[in-house]
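Listed below are the residues making up each chain.
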2 protein chains.
Amino acid sequence: MKVVGGLVDRMGNILARSVTQAHAEEQPSVVIDAIVETYESLLAESEINKSNLVGLGLGFPGNTNGPAGIVLESSNLPDWNNYPLRDLLSERISLPVALDNDANICAVGEYRFGAGQGVEHMCYVTFSTGYGIGIIINGQIYTGQIGTAGELGHVVIDIDGPLCTCGKRGCIMAYASGIGISRMAYERLDEAGADHLRQLVAKRQQDEAEKRIPAEWVVESAQQGDLVAQEILQTAGYYGGVGLSMIVQVLNPELIVVGGGLVKAGEWLLEPMMAALYEHTQVESRDFIQVKYWVLGDDLGVLGAAAQVFEAFEK
Amino acid sequence: MKVVGGLVDRMGNILARSVTQAHAEEQPSVVIDAIVETYESLLAESEINKSNLVGLGLGFPGNTNGPAGIVLESSNLPDWNNYPLRDLLSERISLPVALDNDANICAVGEYRFGAGQGVEHMCYVTFSTGYGIGIIINGQIYTGQIGTAGELGHVVIDIDGPLCTCGKRGCIMAYASGIGISRMAYERLDEAGADHLRQLVAKRQQDEAEKRIPAEWVVESAQQGDLVAQEILQTAGYYGGVGLSMIVQVLNPELIVVGGGLVKAGEWLLEPMMAALYEHTQVESRDFIQVKYWVLGDDLGVLGAAAQVFEAFEK
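Residues numbered from 1 in each chain as written. Chains lettered and ligands numbered in written order. Predicted model: local features only at pLDDT ≥ 70, side-chain atom pairs only at ≥ 80, totals over all residues. Heavy atoms only, no water.

### What to know about the packing of aromatic side chains
Residue and element names in this part refer to chain A. Taken as a whole and assessed by the stated rule, the structure comprises ten aromatic pairs over all chains. Judged by centre distance (3.9 Å) and plane angle (10°), the rings of Y175 and Y239 are stacked. Separated by 64 residues along the polypeptide, Y175 in the loop between β9 (140–142) and α4 (178–188) and Y239 in helix α7 (residues 227–251) bring together distant segments of the chain. Relative to Y239, the ring of Y238 has its centre 6.2 Å away and its plane inclined at 80°; by these criteria the two rings are edge-to-face. Note on accessibility: Y238 and Y239 belong to one class, buried. Among the aromatic residues, ring-to-ring pairing joins F60, W80 and Y83 into one connected group. If you follow R286 out to its NZ or CZ, it ends over the ring of Y278, 3.8 Å from the centre. (Phe/Tyr/Trp six-rings, centres within 6.5 Å; stacked < 30°, edge-to-face > 60°. Helix = DSSP H or I, 4+ residues; strand = E, 2+ residues; numbered from the N terminus. Buried < 20%, exposed > 50% of the residue type's maximum accessible area, 1.4 Å probe, protein only. Lys NZ or Arg CZ within 6 Å of the ring centre and 35° of its normal.)

What follows is the structure, given as structure tokens:
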């Protein structure tokens, strides 16, 4: 786990940046130390007086109960189960802390500083290693009863489909994610038409026993003309678009903002995504939905965490 | 179309009832006449002074934009497209009118007078001729940008599945609804194990050209031991439960209230529904979700419309 931090003003300008390595697999206290270290180096670097800070925002890669400030679980590491990260961190640095999961933080970031400015109801879709959404309703983040709203990636779309990381079968995320792309690449590597991908894997895969094929290699191969890689991206995009259609059917927002690393995969993925959205959405609703791509890009994590602080502590 | 009306007090007591026949297929003005007739007969019967009325609530069987008071469309009848029913009716009777679709009205009814009292976030699932949900967030009905939130019945669950009434394929409603049950019954009528259902159809189907097999006949046959009818109800219930799992994954409400005529189909349908909810919901969320059946039953339409009036005009 990497702790990426930034000092952000009310207009969304990043005034300072800092990155610290931490090993979340070991102990939550190590991660807290890394966050504190990031925070202190930002404060020192910027020479800003602590009394000018509104708070510290934290986007956590795992299930969280944002309103309660609790990490529910992270990648099945038992140390993180029901961990009161917000309050422990807040005590350490004597500042208010706002905590939520990645997708919710990103939703708030695009809503306040990015593509979602001025709308009432929107969803932010994380289309990267995983697939999930953050929901803004009436201008506020909606997280549900225990904070797990927006887990669209683990909605089943193919009852007899492939096994997902969550233990269920045929989830959207089993196709529409970096994880899904890696799985499909591994399964289809021996097919005719996968020449470029096979060459790339043979050249780069250090440890053959690992057998993981990063989604980036599939994107690269698709751009080089590899037919199987192109089909894999089309499948991922198509199922991602089925997810978008579910958002429109169930939540009828004004706007969907699609972000995450896979947006960079370009038209191989995004065209089938939009086609699936159109195909699977009722005619009454589909003419009204706007789809935009993120505008904050790689800064969205930092800006979203800051946006969450301003939303939480300045209203 | 039948106009069912009631006079309801703030505690949810139905003080008077009235039913008027109208033919929605003809003209919206005929339906308005029937609503006015229902309203006037209730007023006359109850001898209540009009000045004591808060308003008239209306649950409409079609797509509506509740906050705008508009019928978007109803069963593809062009006369209803973008019809400003609320304001036209309000002018006729000189009373505030609250309008929304069936599922939303029912959600508000169970929230105010029934199984949902005291919760913050809940969904009401209509499991009857169709399948759809009404969403309560922070104690208020949520209808989205143009009023079409909650169209869960037309979320695709089987991309190559059977044709749905909406023109798309493999929607939840193509299985989990009276319409879906009728379709499956028609397709499986010649199978071994469908003896009772076949006999019932032969005895009751007046016009063989119509070929519609009501869901009630399937329920009756299942209860008489017909194996195919039992399997059909199990399939409908299972897909209905997949829909419930989507609700939990996306909205993480405290409570789901399941209502509608198919609840009366009993365990053949409801056990597979609960099994599918359990199977397709992530472990983090499923232990926290409560599922209840409606408590207002056949009165829910009238009580929901009344609840909508109190929610809209007394806050």
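Back to the write-up after that little detour.
### Quick notes on the interface of chain A and chain B
The figure often quoted for interface size is the accessible area lost as the parts come together. Listed per partner, the contact involves 41 residues of chain A and 41 residues of chain B. Carbon and sulfur atoms make up 61% of the area that chain A and chain B hide from each other, which totals about 3,600 Å². Summed over the three residues of chain A that lose the most area to chain B, namely Y142, Q145 and V250 of chain A, the buried surface amounts to 18% of that side. Put simply, chain A and chain B have zero salt bridges between them. Here chain A is connected to chain B by 24 residue pairs in polar contact (both at pLDDT 80 or more). Looking at the side of chain A that touches chain B, the elements that each hand over two or more residues are β8 (131–137), α7, α8 (267–280) and α9 (283–286) of chain A. When residues of the side of chain A that touches chain B are assigned to their parent elements, the largest contribution, seven residues, is made by α7 of chain A. Partitioned by chemical class, the residues of the side of chain A that touches chain B number 20 nonpolar, 15 polar and six charged. (Contact = heavy atoms within 4.5 Å. Buried area = accessible area lost by both parts, 1.4 Å probe. Salt bridge = Lys/Arg side-chain N within 4 Å of Asp/Glu carboxyl O. Polar contact = N/O pair within 3.5 Å; in protein donor to acceptor, adjacent residues only side chain to side chain. Nonpolar A, V, L, I, M, F, W, Y, C, P; charged D, E, K, R; others polar.)

### Thoughts on the environment of Y111 of chain A
All names here are of chain A. Here Y111 lies in helix α3 (residues 102–113). Taking C-alpha positions, Y111 is 9.2 Å from Q140, a pair spaced 29 residues apart along the chain. For Y111, the residues in contact, after removing those within four places along its chain, are G116, Q117, V119, M122, I136, G139 and E311.

### Some remarks on the side chain of D226 of chain A
All names here are of chain A. Along the chain, the position of D226 falls in the loop between α6 (215–223) and α7. The charged side chain of D226 is buried without a salt bridge, its nearest counter-charge being R198 at 7.1 Å. In this structure the side chain of D226 is engaged in a polar contact, spanning 3.2 Å, whose partner is the backbone nitrogen of V228. Side-chain polar atoms of D226 contact the backbone nitrogen of A229, separated by 2.8 Å. Setting aside residues up to four positions removed in sequence, D226 forms contacts with G193, A194, D195, H196, L197 and S221. (Lys, Arg positive; Asp, Glu negative; His and termini not counted.)

### Some points on the sheet that holds strand β11 (residues 290–293) of chain B
All names here are of chain B. Read across the open sheet, the five strands follow the order β9-β8-β7-β10-β11; overall the sheet is mixed. Looking along the sheet, the strands with just one partner apiece sit at the ends: β9 (140–142) and β11. Direction aside, the axes of adjacent strands within the sheet are offset by 25° on average. Inspection of the sheet shows strand β7 (residues 122–127) paired to strand β10 (residues 255–259) by five bridges, in the parallel sense. (Pairing = 2+ DSSP bridges. Axes fitted to C-alpha atoms, helices over the stretch in contact; angles between N-to-C directions.)

### Points about the pattern of salt bridges
All names here are of chain A. Evaluated as defined, the whole model comprises 22 salt bridges over all chains. With its nearest N and O atoms 3.1 Å apart, the salt bridge here joins E187 to R183. One end of the pair is E187 and the other is R183, both in helix α4 and four residues apart, which spans about a single turn. Overall, the relative accessible area of 51% leaves E187 in the exposed class. Beyond isolated ion pairs, a larger network of salt bridges with shared partners links R188, E191 and E231.

### Brief notes about the pairing of strand β5 (residues 70–73) of chain B
All names here are of chain B. In the sheet, strand β4 (residues 63–65) pairs with β5 via three bridges, with the strands oriented antiparallel. Pairing of T64 across the sheet is with V71, part of β5. Between the antiparallel neighbours β4 and β5 lie four residues, among them G69 with a positive phi of about 75°.

### Points about the sheet that holds strand β7 (residues 122–127) of chain A
All names here are of chain A. Pairing is mixed across the open sheet formed by five strands, whose spatial order is β9-β8-β7-β10-β11. Strands at the two margins of the open sheet, each flanked by one partner only, are β9 and β11 (290–293). Strand after strand, the sheet turns through a mean of 25° between neighbouring axes, direction not considered. In this fold α8 packs onto β7, β10 (255–259) and β11, with an angle of close to 165° to the strand it touches most, β11.

### With respect to the relation of the copies chain A and chain B
Mapping chain A onto chain B is achieved by rotating through 180° and translating by 0.0 Å along the same axis, at an RMSD of 0.0 Å. A rotation of that kind, with that shift, is consistent with a two-fold axis. Within chain A, I157 of chain A has its C-alpha nearest the rotation axis, a separation of 2.6 Å. When the interface residues of chain A are mapped onto chain B, 100% of them again fall at the interface, so both copies present the same face. (Least-squares fit on C-alpha atoms with pLDDT ≥ 70 in both.)

### Remarks on the packing of helix α3 (residues 102–113) of chain B against helix α10 (residues 300–313) of chain B
Residue and element names in this part refer to chain B. Contact geometry for α3 and α10: axes closest at 7 Å, N-to-C directions at 80°. Judged by the angle between their axes, α3 and α10 are roughly perpendicular. Only L300, G301, L303, G304, A305, A307, Q308, F310 and E311 of α10 make contact with α3, whose side of the interface consists of I105, C106, V108, G109, E110, Y111, R112 and F113. Here the contact of α3 with α10 is composed, by residue class, of ten nonpolar, four polar and three charged. (Parallel < 35°, antiparallel > 145°, perpendicular 65-115°, else oblique.)

### Things to note about helix α1 (residues 28–46) of chain B
All names here are of chain B. The end-to-end C-alpha distance of α1, which contains 19 residues, comes to 27 Å, matching closely the 27 Å that a straight helix rising 1.5 Å per residue would cover. For α1, the full list of buried residues reads P28, V31, I32, A34, I35, V36, T38, Y39 and L42. In this structure, the buried residues of α1 make contact with β1 (2–8), β2 (14–21), β3 (56–60) and α2 (85–93). Two residues or fewer after α1 comes E47, characterised by a positive phi angle close to 60°. (Expected span 1.5 Å × (residues − 1).)

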